[in-house]
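Examination of the molecular architecture
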Amino acid sequence: MHWGTALEDGGAAGLVRPYFRTHGRTRPTRDLPVETLVSTTPRGRAMTRNSTAEESEICVLCCTSQSVAEVAARRRLPLGVARVLLSDLADRGLVAVHTAKKGNGNRPSMDLMKRILHGLSRL
């Protein structure tokens with residue numbers, strides 16, 4: 001298989017090594033638990049020229065709030081890669097990170113857990 005052809009076909013998402021997508025980085029600059037919601041900012045909707053196709057696609061996906069887990073699943077990315085990419089987008093002001101309110105005992109609130117369950121059932 002020729003790499004150039006596979007990448008041009010758009011069907012080679014699995015052929016690109018995860019570390020290539022994150023420029024060799026394995027840790028995000030932010031703490032992004034799987035339930036963290038992210039949404040595209042007005043700046044992200046306008047998209048800058050410095051964005052990759054992958055970043056643009058994530059911004060389009062996050063026009064409606066998505067959890068970190070949903071972004072990883074829908075983009076077919078390893079969770080660690082999704083976290084690094086989302087962290088980069090948040091650092092550049094292209095997505096907003098919405099931290100969850102904690103319930104009793106520093107655990108996620110029941111409302112958050114219900115939203116996650118609803119989101120997972122839609123997948």
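Residues numbered from 1 in each chain as written. Predicted model: local features only at pLDDT ≥ 70, side-chain atom pairs only at ≥ 80, totals over all residues. Heavy atoms only, no water.

Identification of the protein as DUF742 domain-containing protein from Amycolatopsis bullii is taken from an unreviewed UniProt entry.

Another point: the pattern of salt bridges. Counted according to the given criterion, the structure contains four salt bridges. Residues E57 and R75 are paired through a salt bridge, measuring 2.3 Å at the closest nitrogen-oxygen approach. With E57 in helix α4 (residues 53–61) and R75 in the loop between α5 (68–74) and α6 (79–91), this residue pair connects regions lying 18 residues apart in the sequence. On the accessibility criterion, R75 (23% relative accessible area) is partly exposed. (Salt bridge = Lys/Arg side-chain N within 4 Å of Asp/Glu carboxyl O. Helix = DSSP H or I, 4+ residues; strand = E, 2+ residues; numbered from the N terminus. Buried < 20%, exposed > 50% of the residue type's maximum accessible area, 1.4 Å probe, protein only.)

For α6, with 13 residues, the first-to-last C-alpha span of 18 Å sits near the 18 Å given by 1.5 Å per residue. Inspection of α6 places V81, A82, V84, L85, L86, S87, D88, L89 and A90 among the buried residues, and these make up the whole buried set. Just beyond α6, the residue with positive phi is G93, at close to 80°. (Expected span 1.5 Å × (residues − 1).)

Let us now look at the sheet that holds strand β1 (residues 37–40). Strand-to-strand pairing in sheets goes through backbone hydrogen bonds, with the strands running parallel or antiparallel. Across the sheet, which stays open at both edges, the three strands sit in the order β2-β1-β3 with antiparallel pairing between neighbours. For this open sheet the edge positions go to β2 (66–67) and β3 (95–98), each flanked by a neighbour on one side alone. Looking at chain direction, β1 and β3 are connected through four bridges and run antiparallel. What sits directly across from T40, in β3, is V95. (Pairing = 2+ DSSP bridges.)

A few words on the pairing of β1. Judged from the two bridges that link them, β1 and β2 form a sheet pairing that is antiparallel. Directly across from V38, in β2, lies its bridge partner Q66.

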